[in-house]
Amino acid sequence: MRKPAEWMCSLDERILEYVDDEPWTTPRVLERKLSMDASEDRIRERCQLLADADLIEPIHSEMYELTTWGRLYLEGEIDARHQPRPRPGRVL
């Protein structure tokens, strides 16, 4: 079973699951594809936090892909509470 970190929210789970299904994505695509009430800016912020925790990584500008750690988290192999904690002020 997956164990999210205390800073994670349900939107983070949805982002990770979507990026797992697609080779890459952007906050704009996620805003259109996720059936959640979240703005592109909110999704961008969550992507930056997930990248800071090494669960996704930017591959070009605002394009993100899942990291090995992100895949292991989704498979229930790691506990996200042991991933690097996003640093305050890191999100642009």
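The structure we're discussing is the one just above.
Below is a summary of the structure that appears in this document. (Residues numbered from 1 in each chain as written. Predicted model: local features only at pLDDT ≥ 70, side-chain atom pairs only at ≥ 80, totals over all residues. Heavy atoms only, no water.)

1. Observations concerning the nonpolar core
No. 1: Membership of the largest hydrophobic core comes to 26 residues, with the highest contact counts inside it found for Met8, Ile15, Leu16, Leu50, Ile56 and Tyr73.
No. 2: Among the secondary structure elements, those contributing two or more residues to this core are helix H1 (10-21), helix H2 (27-33), helix H3 (40-52), strand E2 (63-66) and helix H4 (68-74).
No. 3: Once residues lying within four places of it in the same chain are set aside, the contact partners of Leu50 are Trp7, Met8, Asp12, Ile15, Leu16, Leu55 and Ile56. (Core = buried A, V, L, I, M, F, W, Y, C linked by side-chain atoms within 4.5 Å. Buried < 20%, exposed > 50% of the residue type's maximum accessible area, 1.4 Å probe, protein only. Helix = DSSP H or I, 4+ residues; strand = E, 2+ residues; numbered from the N terminus. Contact = heavy atoms within 4.5 Å.)

2. A look at H1
No. 1: Given a rise of 1.5 Å per residue, twelve residues ought to cover 16 Å, and the 17 Å separating the end C-alpha atoms of H1 matches this to within 8%.
No. 2: Turning to H1, its buried residues number three or more, namely Leu11, Asp12, Glu13, Ile15, Leu16, Tyr18 and Val19. (Expected span 1.5 Å × (residues − 1).)

3. Comments concerning unusual backbone geometry
No. 1: One non-glycine residue, Asp54, lies in the positive phi region at around 65°.
No. 2: Of note, Asp54 is situated in the loop between H3 and strand E1 (56-60).
No. 3: Its identity as a non-glycine residue notwithstanding, Ser61 has a phi of 50°, on the positive side.
No. 4: By secondary structure assignment, the location of Ser61 is in the loop between E1 and E2.
No. 5: Look at Ser61 and you get exposed, because its relative accessible area is 63%.

4. Considerations on the pairing of E1
No. 1: Inspection of the sheet shows E1 paired to E2 by four bridges, in the antiparallel sense. Bridge pairing in E2 links Ile56 to Leu66.
No. 2: The antiparallel pairing of E1 with E2 creates a hairpin that spans two residues between the two strands, and Ser61 there sits at a positive phi of about 50°. (Pairing = 2+ DSSP bridges.)

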